[in-house]
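# Breakdown of the fold
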Amino acid sequence: MKKLHGDDLKKELIYRHCHILMKEVTEETLDFVQKNLFEFELTRLIPGFMNVPHESMPAATEFLWHYCTETTTCKEKSIHNIYIFFLSEQRDEDELDEYLNKQEEMVTTEETGGYLFDLEFALQNFKKQDLVKA
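Described below are features of the structure shown in this document.

The rules behind these values
- Numbers given for residues are sequential positions, taken from 1 along each chain in its written order.
- Owing to the predicted nature of the model, reporting of local features is limited to residues with pLDDT of at least 70; listing and counting of side-chain atom pairs is limited to 80 or more, with chain, interface and lining totals taken over all residues.
- Hydrogens are left out, water is left out, and the side-chain values use all remaining heavy atoms of the structure.
- Put simply, DSSP marks the helices as runs of H or I at least four residues long and the strands as runs of E at least two long, and each gets a number from the N terminus on.
- For a compact globule the rule gives 2.2 Å times the number of residues to the power 0.38, and the radius of gyration it is set against comes from C-alpha atoms.
- Whether two residues are in contact is decided by their heavy atoms: any pair within 4.5 Å suffices.
- Here the open area of atoms and residues is found with the Shrake-Rupley method and a 1.4 Å probe, where only the protein chains shown may cover a residue.
- Neither His nor the chain termini are counted; the positive set is Lys and Arg, and the negative set is Asp and Glu.
- Charge positions are represented by NZ for Lys, CZ for Arg, CG for Asp and CD for Glu.
- To form a nonpolar core, buried Ala, Val, Leu, Ile, Met, Phe, Trp, Tyr and Cys residues must be joined to one another through side-chain atoms within 4.5 Å.
- When accessible area is computed with a 1.4 Å probe and restricted to protein chains, residues below 20% of their type maximum are described as buried, those above 50% as exposed, and intermediate ones as partly exposed.
- To estimate how far a helix should extend, the number of its residues minus one is multiplied by 1.5 Å.

### Quick look at the overall build of the chain
When its secondary structure is counted, the chain shows seven helices and zero strands. For the chain, the α and β elements follow one another from N to C terminus as α-α-α-α-α-α-α. Taking 134 residues into account, the globule formula puts the C-alpha radius of gyration at 14 Å, and the chain, at 16 Å, falls close to it. Counting only C-alpha atoms, the chain reaches 50 × 35 × 20 Å along its principal axes. Taking as baseline every contact in the chain between residues at least 6 positions apart, the subset at least 24 positions apart corresponds to 66%. Entry remark: accessible area of the chain is about 8300 Å², with carbon and sulfur atoms responsible for 50%. Once the 15 positive and 27 negative side-chain charges of the chain are each reduced to a mean point, those two points are 8 Å apart.

### Here we look at the nonpolar core
Membership of the largest hydrophobic core comes to 33 residues, with the highest contact counts inside it found for Val33, Leu42, Leu45, Phe49, Phe63, Leu64 and Phe86. Of all the secondary-structure elements, those providing two or more residues to this core are helix H1 (6-24), helix H2 (26-35), helix H4 (57-70), helix H5 (77-89), helix H6 (93-109) and helix H7 (119-128). Looking at this core, the element that brings in the most residues is H5, giving seven residues. The residues touching Phe63, leaving out its near neighbours within four places in the chain, are Leu30, Val33, Gln34, Leu37, Leu42 and Phe49.

### What about H5?
Between its first and last C-alpha atoms H5 spans 18 Å; for 13 residues at 1.5 Å apiece the expected length is 18 Å, and the two agree. Among the 13 residues of H5, eleven are classified as buried, and the element is accordingly described as predominantly covered. Looking at the buried side of H5, the elements it contacts are helix H3 (46-49), H4, H6 and H7. Where H5 terminates, the next one or two residues include Arg91, which has phi positive at roughly 55°.

Here it is, written out as structure tokens:
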């Protein structure tokens, strides 16, 4: 078995324990990931994102906003779905509206192959949170 050192060890520890780290030290974990963003596979952090406590959701939402809207390389529907979930849970209709408009613009102007999120998942979240504007 290959021994891990330095940043590789840190990255592997974050992957393995992200469900605990994101629950207990959300902002510190997100800061580390943000500083090393292009070295991480965010899909491997999904268990961690699903354990973010409600009071830390704004920090996680801000992180995902940068990743989903500022970084055009994010085509993972699961990451975009988590972003929508966080916005829905926080009942941030304005941010949801802005994100959905940007997605609509991408679909009509580019060859993206459709929305970067699961439409049915988004609609279920909007209905659950009674988000009429979205």
